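Each chain is listed here by its residues.
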Amino acid sequence: MTQDEMKKAAGWAALKYVKKGSIVGVGTGSTVNHFIDALGSIKDDLQGAVSSSIASTEKLQALGIKVYDCNDIDQLDIYVDGADEINPQRAMIKGGGAALTREKIVAAIADQFICIVDGTKAVDILGKFPLPVEVIPMARSYVTRELIKLGGTPIYREGVITDNGNVILDVHDLQIRDPKTLESQINAITGVVTNGLFAHRGADVVITGTAQGAKIEE
């Protein structure tokens, strides 16, 4: 089974958590694209979706699924999204696709966070994947200096502007043994919008695509 086939297995397995008539929180990325395809197969049973990125919104709308604004929604039953890394405690690094801030917002609204990944994303210690940090442009140099103080090597992701009009610093050389503390420390730096650690709001359910199919951990 190829990596993409494992992603597809995870994405389609998440359909079991979608309630008829509900509005579904939808993330961003290659694994989520398979989940969106799966949603298209039951679109007549859905009220609609809330999306974490312009790219996902366009894909949902192309399938005929109504997309709601976050401000019009009080609560979501589920939010389904991928991860760049996930540890055994279900803390994650996200933001490889630069949608981390909107992903955190949708995750905050949802009662249940369902993380869909392929088996390559599981790690014991977060940090091999560079940690994305969304930064207001005028603060980029200052935030870079502060991230160096925390032990990381920040690299400006050139040519990338987030859906919110900001820039991304990817922080290399981290071994993140206390994700909650580091998440709070980075978010406290002036000029940071948010960072890609999802530790305070980790996954409630992990669906991993494997060569044997989807493995569900609740």
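A brief report on the enclosed structure follows. Here the structure is a predicted model, which means the values were calculated and not measured.

## What about the overall build of the chain?
Here is step 1: When you go through the chain residue by residue, the secondary structure sums to six helices and 14 strands.
Here is step 2: Taking all 218 residues of the chain together, 53% fall into the buried category.
Here is step 3: If you take every contact in the chain between residues at least 6 apart in sequence, the share linking residues at least 24 apart comes to 72%.
Here is step 4: With the model as given, the accessible surface of the chain reaches about 10000 Å², and the carbon-plus-sulfur share is 48%.
Here is step 5: The positive charge centre, built from 22 side chains, and the negative charge centre, built from 28, are 2 Å apart in the chain.

## A closer look at the pairing of strand β14 (residues 213–217)
Here is step 1: Sheet topology places strand β13 (residues 205–210) next to β14; five bridges connect them, and they run antiparallel. Within the sheet, the bridge partner assigned to Thr210 lies in β14 and is Gly213.
Here is step 2: Taking the residues that link successive antiparallel strands as the turn, the β13-β14 hairpin has two residues.

## Some points on the environment of Ile109
Here is step 1: Within the secondary structure layout, Ile109 lies in helix α4 (residues 100–109).
Here is step 2: Of the residues examined, Ile109 reaches a relative accessible area of 18% and is grouped as buried.
Here is step 3: For the pair formed by Ile109 and Ile161, sequence separation is 52 residues and the distance between their alpha carbons is 25 Å.
Here is step 4: Once residues within four sequence positions are removed from consideration, Ile109 is found in contact with Cys70, Ile73, Asp74, Gln75 and Leu76.

## Remarks on the environment of Val18
Here is step 1: In this fold, Val18 is placed in the loop between α1 (3–13) and β1 (23–26).
Here is step 2: It is 9.6 Å that separates the C-alpha atoms of Val18 and Tyr79, two residues lying 61 residues apart in sequence.
Here is step 3: Contacts of Val18, omitting those with residues within four sequence positions, involve Val24, Phe35, Leu39, Ile42, Leu46 and Ile78.

## Quick word on the environment of Thr210
Here is step 1: Within the secondary structure, Thr210 is located in strand β13.
Here is step 2: Ignoring sequence-local partners within four residues, the contact set of Thr210 consists of Met1, Met6 and Lys215.
Here is step 3: A distance of 2.7 Å separates a polar side-chain atom of Thr210 from the backbone oxygen of Gly213.

## A word on the sheet that holds strand β8 (residues 131–135)
Here is step 1: The four strands are arranged β9-β10-β8-β11 in an open sheet whose pairing can be described as antiparallel. Each of the sheet's edge strands pairs with one partner strand only, and the pair in question is β9 (153–156) and β11 (192–195). Going across the sheet, the axis of each strand differs from the next one's by a mean of 30°, ignoring polarity.
Here is step 2: Pairing between β9 and strand β10 (residues 167–172): four bridges, direction antiparallel. The residue of β10 that forms the bridge with Thr153 is His172.
Here is step 3: Most of the contacts of α4 go to β11, to which it runs at about 70°, and overall it touches β8, β10 and β11.

Reading guide: rules and limits
- Residues numbered from 1 in each chain as written.
- Predicted model: local features only at pLDDT ≥ 70, side-chain atom pairs only at ≥ 80, totals over all residues.
- Heavy atoms only, no water.
- Helix = DSSP H or I, 4+ residues; strand = E, 2+ residues; numbered from the N terminus.
- Buried < 20%, exposed > 50% of the residue type's maximum accessible area, 1.4 Å probe, protein only.
- Contact = heavy atoms within 4.5 Å.
- Areas by Shrake-Rupley, 256 points an atom, 1.4 Å probe, with all protein chains shown as cover.
- Lys, Arg positive; Asp, Glu negative; His and termini not counted.
- Charge placed at Lys NZ, Arg CZ, Asp CG, Glu CD.
- Pairing = 2+ DSSP bridges.
- Polar contact = N/O pair within 3.5 Å; in protein donor to acceptor, adjacent residues only side chain to side chain.
- Axes fitted to C-alpha atoms, helices over the stretch in contact; angles between N-to-C directions.

All quantities given are derived from atomic positions and should not be read as evidence of function.
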